Amino acid sequence: MNFEYSPYILPLIIAVLISVFVAVYVWNRRAANGAPALLFMSLAIVEWIIAYVLEIVGVDLSTKLFWGRLQYFGIAFLPYAWLIFSINYSTPTRVITKRTLLLLGVVPAITVLLALTTNWHGLIWEEFHINRQGDFSALGVTYGAWFWVHFAYSYTILLIGTILLVRTLIRNQSLYRSQAYSLLIAVLAPWLGNALYLTGNSPIPYLDLTPFAFTISVAALAWAVFGFHLIDITPLARDLVVEGMRDGMIVIDTRGYVVDINRAASEMIGFPAVQSVGQLAVDILRPWSHLVEKFRNVTDTTDEITVGDGVLQRRYEVRLSALRDRQDQLIGRVVMLRLMDDAFVSQSGSAARETASRSSSKQFTQPNRPQQKRFLGWLIDFFVTPVRADLPIPSDINPGWYQARERSFTIIIRLSALVGTLAYILTSPFMRATALTNVNIAYGAIIGLLWFLGLSRKVNFRYRAAMFLFLVYILGFVETLNFGYSSESFIFFMTLIVTSVLLTGRAGGWTAGLVSVVTLAVIGFLIGRADFIPFNLTVDTLAPRTFQMGMTSLFVFSASAMALSTSIVILMESLNKAWQMESQALTLLQQERDLLERRVEERTQDLADARDSALRSNTELRQYFRIIEQSGNSIVITDLNGNIQYANPKFEQVSGYALEEVLGKNPRILKSGRQKPEFYEKMWGTISSGHIWDGVFHNKRKDGTLLLGICHDCACARSG
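Residues numbered from 1 in each chain as written. Predicted model: local features only at pLDDT ≥ 70, side-chain atom pairs only at ≥ 80, totals over all residues. Heavy atoms only, no water.

**A short note on the overall build of the protein chain**
Counting its secondary structure elements, the protein chain contains 26 helices and eleven strands. When burial is assessed residue by residue, the protein chain has 43% of its 720 residues classed as buried. Considering only residue pairs separated by 6 or more positions, the protein chain has 59% of its internal contacts joining residues 24 or more positions apart. Taken as a whole, the protein chain presents about 38800 Å² of accessible surface, with 64% of it coming from carbon and sulfur. (Helix = DSSP H or I, 4+ residues; strand = E, 2+ residues; numbered from the N terminus. Buried < 20%, exposed > 50% of the residue type's maximum accessible area, 1.4 Å probe, protein only. Contact = heavy atoms within 4.5 Å. Areas by Shrake-Rupley, 256 points an atom, 1.4 Å probe, with all protein chains shown as cover.)

**Thoughts on the packing of aromatic side chains**
All chains considered together, the criterion is met by 18 aromatic pairs. With centroids separated by 6.0 Å and ring planes inclined at 20°, the aromatic side chains of Tyr473 and Phe477 adopt a geometry described as stacked. Separated by four residues within a single helix, Tyr473 and Phe477 lie in helix 20 (residues 461-483), roughly one turn from each other. Overall, Tyr473 belongs to the buried group, its relative accessible area being 19%. Relative accessible area serves as the criterion here: at 28%, Phe477 is assigned to the partly exposed category. Three or more aromatic residues joined by ring pairs form one cluster here, namely Tyr143, Phe147, Trp148, Phe151 and Tyr155. (Phe/Tyr/Trp six-rings, centres within 6.5 Å; stacked < 30°, edge-to-face > 60°.)

**A word on the side chain of Asn648**
Note on placement: Asn648 falls in the loop between strand 9 (644-647) and helix 24 (649-655). A distance of 3.2 Å separates a polar atom in the side chain of Asn648 from the backbone oxygen of Ile628. Leave out the neighbours within four places in its chain, and Asn648 touches Ile628, Ser631, Asn633, Ser634 and Ile635. (Polar contact = N/O pair within 3.5 Å; in protein donor to acceptor, adjacent residues only side chain to side chain.)

**Let's talk about the environment of Glu55**
Inspection of the secondary structure puts Glu55 in helix 2 (residues 35-57). Sequence spacing of Glu55 and Gly68 is 13 residues, and the spatial spacing of their C-alpha atoms is 6.1 Å. Once residues within four sequence positions are removed from consideration, Glu55 is found in contact with Lys64, Trp67, Gly68, Gln71, Ala138 and Leu139.

**Digging into the pattern of salt bridges**
Going through the model one piece at a time under the given rule, you end up with six salt bridges. Residue Arg319 is joined to Glu317 by a salt bridge in which the shortest nitrogen-to-oxygen separation is 3.6 Å. Salt bridges sharing partners connect three or more residues here, namely Glu317, Arg319 and Arg338. (Salt bridge = Lys/Arg side-chain N within 4 Å of Asp/Glu carboxyl O.)

**Re the packing of helix 20 against helix 22 (residues 506-528)**
Across the interface, helix 20 lies against helix 22 with an axial gap of 11 Å and an inter-helix angle of 15°. As the angle between them shows, helix 20 and helix 22 are arranged roughly parallel. Helix-helix and strand crossings are classified by hand; for helix 20 and helix 22 the assignment is right-handed. Residues Tyr473, Phe477, Thr480 and Leu481 of helix 20 form the contact with helix 22, whose participating residues are Val515, Thr519, Leu520 and Ile523. Residue classes in the contact of helix 20 with helix 22 are distributed as six nonpolar, two polar and no charged. (Axes fitted to C-alpha atoms, helices over the stretch in contact; angles between N-to-C directions. Parallel < 35°, antiparallel > 145°, perpendicular 65-115°, else oblique. Left-handed = near helix turned anticlockwise from the far one by under 90°. Nonpolar A, V, L, I, M, F, W, Y, C, P; charged D, E, K, R; others polar.)

**Some thoughts on a negative patch on the surface**
A contiguous patch of negative charge on the surface is contributed by Glu601, Glu602, Asp606 and Asp609. In this structure, Asp609 sits in helix 23 (residues 547-629). Taking relative accessible area as the criterion, Asp609 reaches 39% and is therefore assigned partly exposed. (Patch = residues over 30% accessible without salt bridge, like charges linked within 9 Å, V, L, I, M, F, W, Y side chains within 5 Å. Lys, Arg positive; Asp, Glu negative; His and termini not counted. Charge placed at Lys NZ, Arg CZ, Asp CG, Glu CD.)

Below, the structure is given as structure tokens:
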């Protein structure tokens, strides 16, 4: 075998190294769900790229043919591994049977066998030869019948796996979505390159872009594995169980990031669940930093904590448990929170949701403006656009931040459309007749689109932002086609990247940056090789003049764009984090206020019940008093010492004593002297012991006449 150096192998070698690192990482966690399939994918990528590298650097036909056939181990089984991984990742509770695995592997196995023996039957390659383009050579083939069977089968299972991932992406929370986005990039990039190669649209003739696209694929795969712990954290079928729990649950990985949180926990901490996932636990629990420090290095414990003071005090039971994989390696911690104030457990969920709703509406509601003249008020609202209260807000974005972006976008677009319209009107008389049929019409269409984007606030903001970004891209693309690497083309693409970061965030900025760099690289490559000349330039005024100059300009642009977009991302994320902390503080304050209101309502209700009870008791006492007052029997009430405290009117009538005369005196003033002292001692002994005494008195009235009295049910009532 003979080989020669080719510069095209450098990105492929980098892709191989990254794939090997991914495979080693996955191997160390091979017991995790989906790890075997991901390991198989990484090894298939490594095999395919290595074989293609050796095919490219091979000099003679036999060398290229040998390594070209060996590529089919990776080519045939990579879609197979992708489908298995997609099933494991999206539905972890489903077990793929061995029979299913074998049936799915039949077509790839036949494809590999036929590729190795294609010289005999031509079912994969009917004919093969060497294609040369300058200093580059590649294996050229005419595909046989079975190749198209393999092609249809591979793209079908690729599509099925992608659909499963898209469903998972829609259903799951933000961290799981980031995993799914990474995986989609990882799988779509090489197959897009493969489609370009098979249809003959590769920018470099005879060069298979598929292995080169694996550089992007492997980078995305590494991003998912190392950045989001792809095989450590999989989206479990959790909604019915975890979201229905009344106890709060927070799952934290070994790096301190929140990887899962249920609704109950998010309501307890006052931080939206979707925004919590992917955040550092210390950030979302900042109001309770002393508790974070207390449990920072604890993996297994149960404790009771108290939050708040006085009547706002709430007690929680905290349980921390270590989360380990099948190899007993620590991959995180589970924090369980249980509200121990039973009186508020049933109310906490609905109250917290009402709190969040009220605080959100209060925070982002526009204050009422004073009444102004109709036209002046309309003009101010048109250019100083009010916040749109009914704006549909994605669940993973802070409402105030999203509303502010939409409002700023609308104001800038309307002002740009107005300035553009004025410029269009003022310059129209000076336009040449030919200009009215081309540039001027295009300019008018752009102004019309700006007016549409500025006025159609009912259209989803994401669609409006996407249309604007596409307009900026088209302007940059047209500028580059006409003038090559001009300062204006770089400004357009830089504007595209910066605006994407501002309107769509980090992911949108990276996407815009990738599209811009690829567009500039392709056009610069074609100009540098003299395969394309910009429409408004000549051979003498080409920009870039050479491929090396183009790569230098592109490198400077990429570095500048990355530095600027990174600075903007850091600033925006800092502002968003501050906004989130403020929203969390407002939510917690609102919860405290609601709790205080409920406590006050309870106390008020208790006082009302006590008042009603007192009124009922007072009414009953009044009834008893009237009964005593109107009784036909003499009734005397004394204290424990026997001193008279009350006597009813009948007593006054019978005894001749007025109530004022006997108050505070002992009933012995009524003694007639006809009964012995033992009689009175026995009577008072019976009454003092709490028993009922019945008997006959021989008393005397005030005027000294004899009074015969019969006592029934005389007793001593003791207080307490």
